[in-house]
Amino acid sequence: MPSETDPLKIGTRGSPLALAQAHETRRRLMAAHGLPEGAFEIVVIKTTGDNAALIAADKPLKELGGKGLFTKEIEEAMLAGRIDIAVHSMKDMPVAQPEGLVLDCYLPREDVRDAFVSPKVARLMDLPEGAVVGSSSLRRRAQLANRRPDLRMVEFRGNVQTRMKKLSEGVAEATFLAMAGLNRLGMAEVARSAIAPEEMLPAVAQGAIGIERRGADGATAALLAPIHDRPTGERLAAERAFLATLDGSCETPIAGLAILEGGAIWLRGEILRPDGSEAIAGERRGAISDAAELGADLARELLGLAPKGFFDWRG
Ligand SMILES: NCc1[nH]cc(CCC(=O)O)c1CC(=O)O
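Residues numbered from 1 in each chain as written. Predicted model: local features only at pLDDT ≥ 70, side-chain atom pairs only at ≥ 80, totals over all residues.

### A short note on the domain arrangement of the protein
Domain annotation of the protein identifies domain 1 (1-108 + 207-228), domain 2 (114-195) and domain 3 (230-315). Summarising the inter-unit geometry, the C-alpha centres of domain 1 and domain 2 are found 28 Å apart. (Domains from an automatic or database assignment.)

### Re the confidence of the model for the protein
In the predicted model, the protein carries a mean pLDDT of 92, and the fraction of residues at 70 or more is 92%. In the model output, the complex is listed with pTM 0.93 alongside ipTM 0.93. (pLDDT = per-residue confidence, 0-100.)

### Notes on the sheet that holds strand β12 (residues 264-272)
Reading across from one edge, β11-β12-β13 is the order of the three strands in this open sheet, with antiparallel pairing throughout. Single-partner strands in this sheet number two, and they are β11 (254-261) and β13 (279-287). Taken pair by pair, the neighbouring strands of this sheet meet at an average axis angle of 15°, ignoring direction. Bridging between β11 and β12 involves eight bridges; their strand directions are antiparallel. Following the sheet pairing, alanine 255 is matched in β12 by glutamate 270. The sheet contacts of helix α8 (residues 230-245) involve β11 and β12, and relative to β11 the element is tilted by about 145°. (Pairing = 2+ DSSP bridges. Helix = DSSP H or I, 4+ residues; strand = E, 2+ residues; numbered from the N terminus. Axes fitted to C-alpha atoms, helices over the stretch in contact; angles between N-to-C directions. Contact = placed C-beta atoms within 7 Å.)

### Focus on the site of the ligand
In the neighbourhood of the ligand, 10 residues make up the surrounding shell, with Ser89, Leu177, Ala178, Ala180 and Gly181 lying closest. Elements supplying a minimum of two residues to the shell around the ligand: β8 (174-178) and α6 (179-184). Split into classes, the residues belonging to the shell around the ligand amount to four nonpolar, four polar and two charged. Domain assignment of the residues forming the shell around the ligand places at least three in each of domain 1 (1-108 + 207-228) and domain 2 (114-195). (Near = placed C-beta within 6 Å. Nonpolar A, V, L, I, M, F, W, Y, C, P; charged D, E, K, R; others polar.)

### What to know about the pairing of strand β5 (residues 114-117)
In summary, the side chains of a regular strand alternate between the two faces of the sheet. Burial of β5 is two-sided: the residues Asp114 and Phe116 facing one way and the residues Ala115 and Val117 facing the other way are all buried. Pairing of β5 with β8, which is carried by four bridges, proceeds in the antiparallel orientation. Across the sheet, valine 117 pairs through a bridge with threonine 175, a residue of β8. (Buried ≥ 20, exposed ≤ 12 C-beta atoms within 10 Å, placed from the backbone.)

### Notes on the packing of α8 against helix α9 (residues 291-305)
For the pair α8 and α9, interaxial distance at closest approach is 7 Å and the crossing angle is 30°. By the angle between their directions, the pair α8 and α9 is classed as roughly parallel. Crossing of α8 against α9: the hand is right-handed. Within the contact between the two elements, α8 uses Glu234, Ala237, Ala238, Glu239, Arg240, Ala241, Phe242 and Thr245 and α9 uses Ala291, Ala292, Leu294, Gly295, Ala296, Leu298, Ala299 and Arg300. (Parallel < 35°, antiparallel > 145°, perpendicular 65-115°, else oblique. Left-handed = near helix turned anticlockwise from the far one by under 90°.)

In structure tokens, the structure reads:
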């Protein structure tokens, strides 16, 4: 057991959302084991994705380093023993972990929906013709272009405050944020409305927090076991198998959402051309124990339906 003289080191990025997630993890570990706050130490690690100069460049994140942009330095710290666990937004996690690390602990999932944020109108469909919308997410940009080809898209990055400032300056009339992030920051009022999955299917693993550890660290595995949320793990097994089979990441125009219903699992998935000119969607229902196969199977179906050139974004 960790103690005040030998605390468990929790690695995290330093953004307000990442810190909120690390604190939630510590609270759950304290409650599960009756340990004091001092038995856990939160260690902030700067990642490539946190480099202010890169972020200010307003380039698509994809061009800045691709997979592992927000995780590489944290995983290196864990392999080197400087931290014991790492708390991640699962939406940003590559589908496979580096040799020696495992991800098998998930906290109960937050709201999976995207939030619609605008000082002008309450809902996506109320935006006037030709309105400018800010987003750097390839998925959101493609989905929006698909549903509202009249809208103009601009790159939009930074924390919630930065984005709100850009909106008030008129850089764009609306933007999107994950409801989960707003809720965890206590900023739910920023959302004008939550977008139903039927209108805009969220990113794979949106709203889920995962806790990574060293595979050989049995003591930490035992410590994490009581805070693992099994339904979240089952849903992510389907969604991440879907993403893996599509060879996707958080920066590809892919959406996927699994829901548990009456003892079964229901997975919906969507792939898009980056310019939104075409979207292909499908779904699977099946046994929870087959979650990963369902995900892979749905991905193969959508791949089979995609015309030549659809995956030009796969590089
Ligand atoms: N790619 C950035 C990112 N990664 C996780 C979240 C939000 C929280 C979550 O989905 O768990 C966000 C910001 C956003 O999309 O608004």
